2 protein chains.
Amino acid sequence: TPMEAQSEFTSFPHASPPVRSLMSDLVSAVEQRLGDQLQACTLPPDVRSYRNDSGAASGSLHIRCGKDSSKVDFILGSWLHCQLPNGAALNITSLSGYLCSSTDAPNFLLELIQSSPTSLVLILDLPPRVELVTHPEYLSTFYEDTELDSWRQALEKVPEARPYFSSALYIRCVVSPTAIMLRIETEPGLIERMEEIVRDHVSPVAKGVLGLWLEQCVSGERVLSETERAALEKRDGITRRKTIEIDLASNFPRLFGPEIAERVVGILREVFGV
Amino acid sequence: TPMEAQSEFTSFPHASPPVRSLMSDLVSAVEQRLGDQLQACTLPPDVRSYRNDSGAASGSLHIRCGKDSSKVDFILGSWLHCQLPNGAALNITSLSGYLCSSTDAPNFLLELIQSSPTSLVLILDLPPRVELVTHPEYLSTFYEDTELDSWRQALEKVPEARPYFSSALYIRCVVSPTAIMLRIETEPGLIERMEEIVRDHVSPVAKGVLGLWLEQCVSGERVLSETERAALEKRDGITRRKTIEIDLASNFPRLFGPEIAERVVGILREVFGV
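Reading guide: rules and limits
Residues numbered from 1 in each chain as written. Chains lettered and ligands numbered in written order. Predicted model: local features only at pLDDT ≥ 70, side-chain atom pairs only at ≥ 80, totals over all residues. Heavy atoms only, no water. Contact = heavy atoms within 4.5 Å. Buried area = accessible area lost by both parts, 1.4 Å probe. Salt bridge = Lys/Arg side-chain N within 4 Å of Asp/Glu carboxyl O. Polar contact = N/O pair within 3.5 Å; in protein donor to acceptor, adjacent residues only side chain to side chain. Helix = DSSP H or I, 4+ residues; strand = E, 2+ residues; numbered from the N terminus. Axes fitted to C-alpha atoms, helices over the stretch in contact; angles between N-to-C directions. Parallel < 35°, antiparallel > 145°, perpendicular 65-115°, else oblique. Left-handed = near helix turned anticlockwise from the far one by under 90°. Nonpolar A, V, L, I, M, F, W, Y, C, P; charged D, E, K, R; others polar. Phe/Tyr/Trp six-rings, centres within 6.5 Å; stacked < 30°, edge-to-face > 60°. Buried < 20%, exposed > 50% of the residue type's maximum accessible area, 1.4 Å probe, protein only. Lys NZ or Arg CZ within 6 Å of the ring centre and 35° of its normal. Pairing = 2+ DSSP bridges. Least-squares fit on C-alpha atoms with pLDDT ≥ 70 in both.

**Student:** Let's hear about the interface of chain B and chain A: which residues, and what values?
**Tutor:** In this complex, chain B contributes 25 residues to the contact, which on the side of chain A involves 25 residues. Roughly 2200 Å² is buried in total at the junction of chain B and chain A, and carbon and sulfur atoms are behind 71% of that figure. Put simply, chain B and chain A have 4 salt bridges between them. Here B:Arg172 makes a salt bridge to A:Asp149, at a shortest N to O gap of 2.9 Å. Counting across the chain B and chain A interface gives 8 residue pairs in polar contact (both at pLDDT 80 or more). Elements represented by at least two residues in the side of chain B that touches chain A include exactly helix 4 (136-144), helix 5 (149-156), helix 6 (169-174) and helix 8 (226-249) of chain B.

**Student:** Residues and numbers for the packing of helix 2 (residues 17-34) of chain B against helix 7 (residues 191-218) of chain B, please.
**Tutor:** Residues and elements named next belong to chain B. Remark: helix 2 packs on helix 7, axes separated minimally by 9 Å, with the N-to-C direction vectors making an angle of 15 degrees. Classified by the angle between their axes, helix 2 and helix 7 sit roughly parallel to one another. Where helix 2 crosses over helix 7, the two elements pack in a sense that is right-handed. Contact residues: Pro17, Pro18, Val19, Leu22, Asp25, Leu26, Ala29, Val30, Arg33 and Leu34 in helix 2; Glu195, Val198, Arg199, Val202, Ser203, Ala206, Lys207, Leu210, Trp213, Leu214, Glu215 and Val218 in helix 7. Per-class residue counts for the contact of helix 2 with helix 7 are 15 nonpolar, 1 polar and 6 charged.

**Student:** Help me get a handle on the packing of aromatic side chains, residues and values and all.
**Tutor:** Residues and elements named next belong to chain A. Per the stated rule, a full pass over the model turns up 20 aromatic pairs over all chains. Consider the rings of Phe108 and Trp213, whose centres lie 5.8 Å apart with planes at 35 degrees: the pair is tilted. Here the residue Phe108 occupies a position in strand 5 (residues 108-116), and Trp213 occupies one in helix 7 (residues 191-218), the gap between them amounting to 105 residues. Exposure class is identical for Phe108 and Trp213. Each is buried. Put simply, the rings of Tyr50, Phe252 and Phe256 touch in pairs and so form one group of aromatic residues. Positioned over the ring face of Tyr170 is Lys242, at 5.1 Å from the centre of the ring.

**Student:** Mind laying out the sheet that holds strand 8 (residues 180-185) of chain B, listing which residues take part and the relevant values?
**Tutor:** Residues and elements named next belong to chain B. Here we have 8 strands laid out as an open sheet, ordered 1-2-3-4-5-6-8-7, and antiparallel in their pairing. Every interior strand has two partners, whereas the edge strands, strand 1 (50-51) and strand 7 (161-163), have only one. Sheet analysis places strand 7 next to strand 8, joined by 3 bridges and oriented antiparallel. Across the sheet, residue Arg162 finds its bridge partner in strand 8, namely Arg183. Packing against the sheet, helix 2 makes contact with strand 2 (57-65), strand 3 (72-83), strand 4 (89-99) and strand 5 (108-116), and its axis sits at approximately 15 degrees to strand 4. Sitting on the sheet, helix 7 is in contact with strand 3, strand 4, strand 5, strand 6 (119-125) and strand 8, with an inclination near 15 degrees to strand 6.

**Student:** Account for the environment of B:Glu131, naming residues and giving values.
**Tutor:** Examined against the element boundaries, B:Glu131 turns out to sit in the loop between strand 6 and helix 4. Judged by relative accessible area, B:Glu131 falls into the buried class, the value being 11%. When the C-alpha positions of B:Glu131 and B:Phe272 are compared, they lie 20 Å apart, and in sequence the two are 141 residues distant. One polar contact links B:Glu131 to A:Arg235, side chain to side chain, over a distance of 2.8 Å. A polar contact of 3.0 Å, which involves the side chain of B:Glu131, links it to the side chain of B:Thr134.

**Student:** Describe the side chain of A:Asn91, with residues and values.
**Tutor:** Residue and element names in this part refer to chain A. Its location among the elements puts Asn91 in strand 4 (residues 89-99). With a relative accessible area of 16%, Asn91 lands in the buried category. A polar atom in the side chain of Asn91 sits 2.9 Å from the side chain of His81. Among all residues touching Asn91, those that are not within four sequence positions of it are His14, Leu80, His81, Leu112, Ile113 and Gln114.

**Student:** Just give me the short version of the pattern of salt bridges, but keep the residues and values in it.
**Tutor:** Residue and element names in this part refer to chain B. Within this structure, the stated rule accounts for 37 salt bridges over all chains. Arg222 is the salt-bridge partner of Asp104, the closest N and O atoms lying 2.6 Å from each other. On the criterion of sequence distance, the pair formed by Asp104 in the loop between strand 4 and strand 5 and Arg222 in the loop between helix 7 and helix 8 is long-range, its members being 118 residues apart. The class for Asp104 is buried, based on a relative accessible area of 8%.

**Student:** Can you lay out the sheet that holds strand 2 (residues 57-65) of chain A for me, pointing to particular residues and giving the numbers?
**Tutor:** Residue and element names in this part refer to chain A. Here we have 8 strands laid out as an open sheet, ordered 1-2-3-4-5-6-8-7, and antiparallel in their pairing. The open sheet has two edge strands with one neighbour each: strand 1 (50-51) and strand 7 (161-163). Examined bridge by bridge, strand 2 and strand 3 (residues 72-83) share 9 bridges and lie antiparallel to one another. In the sheet register, Leu61 faces strand 3, and the bridge partner there is Ser78. Running over the sheet, helix 5 (residues 149-156) touches strand 6 (119-125), strand 7 and strand 8 (180-185) and is turned about 15 degrees from strand 8.

**Student:** If you had to explain the relation of the copies chain B and chain A to someone new, which residues and values would you point to?
**Tutor:** The transform that puts chain B on chain A rotates by 180 degrees and translates by 0.0 Å along the axis, for an RMSD of 0.0 Å. Put plainly, the chains are arranged around a two-fold axis. Most of the interface of chain B is mirrored in chain A, where 100% of its interface residues are also at the interface.

This is the structure:
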């Protein structure tokens, strides 16, 4: 049942309490606002929850596609957990929202990458779906008039936060100029301080940006010409293909082995339509 | 004469010794490599050198356009100096290279903004001329295969350097994913340390990036279809118009008064073709 599928995803068994609480709140906000536009999650059980042979790596995927009348193409939630050779664990938790080509409004992207309890890479953005350089009015509408950068500026003030530059240049290209890409490191052992930062700083900003996406991107009306829509579909296809390629195709087989990787990435390619 | 026009620009009367030395070296490198492709500077004397009524603000502009056979549209050098109400002075020194639509290779951009002898904002980039998101092969050619990011990573290690986020979101959009945008602050009074940073860290990187531009962007062959060339011309027009609007149109009248502003910005619009 949809309830069970969701509970596997929202249990976040390896996340710290404030990360679990943040993710639950975000998923609730999406459900509350968009629930009646979304279909139930129809993923097979072995993709909703998977683990490798040794049990050292496990993960969960949760996808709800938009109904035909919705501007939402799909909402994708995921977590994965992986014990590292050095004794620490890698935990990646993400929530993203992709819109249909009936609107060119930005998507939503949140990714929390923890390679130890005192280290967090945060990626939070509304990635644009047209080129901002040639569409200054799109830049004004979604990024300037919304004062989206004030969220980034707020988090930049956290003393333990440093700008994060993805080693994949393509990822730097697809995000917006207001993207929050931070590496937060607290001193070894100061797990409480990391939990405080997530609770008091990261959470309100993530909720604010998601709220803005729900209010102004999913809900706003955008009128597109045939040409614009064709260009949008082409661009969406390229970014989705590259995202899977960079994010998953290289790391997944290494972490989970070829069989699970093929199964999970295969489902994602299907949902992404690429 | 061309020699006189250049000497007004390359005297850099208000720059610190290492900034003056860096700029002279960069201008020499451009002259040596591209000199025979460039026309003499034909700017009127009151644009090659200008100052406001009180004498508190002065500046110099130096432009050499490419000959018809060259891929260089124009090389633009500029400095401006402005005494600030707080007793400090603002010094902006820049060198940029714009290519013609016979190639879509990146432009060159260097800007040094000093609002005091211990504060420097550095912008150094090869801004792309096509959208990288939809042209991953352009990203590989000019940014990945050239290892351009290694220059950024080198400067990032300077302890006094912090990433700089332009308040103009548009500027964040036009630069490449390997753009060097840094704010470097040394402790009050530590002018020698700033000069050391410019000499030992900023200079080699600026020369490296300019060298790469001269070798691989100005010189390489790029084959463009009619459609690609039309799109390139349109995009160049938009970015050039926005650059003048953001960089100059707002600040220049305030610093130099309407008459000088109109004269200098007018010439720039002509050269930029917008």
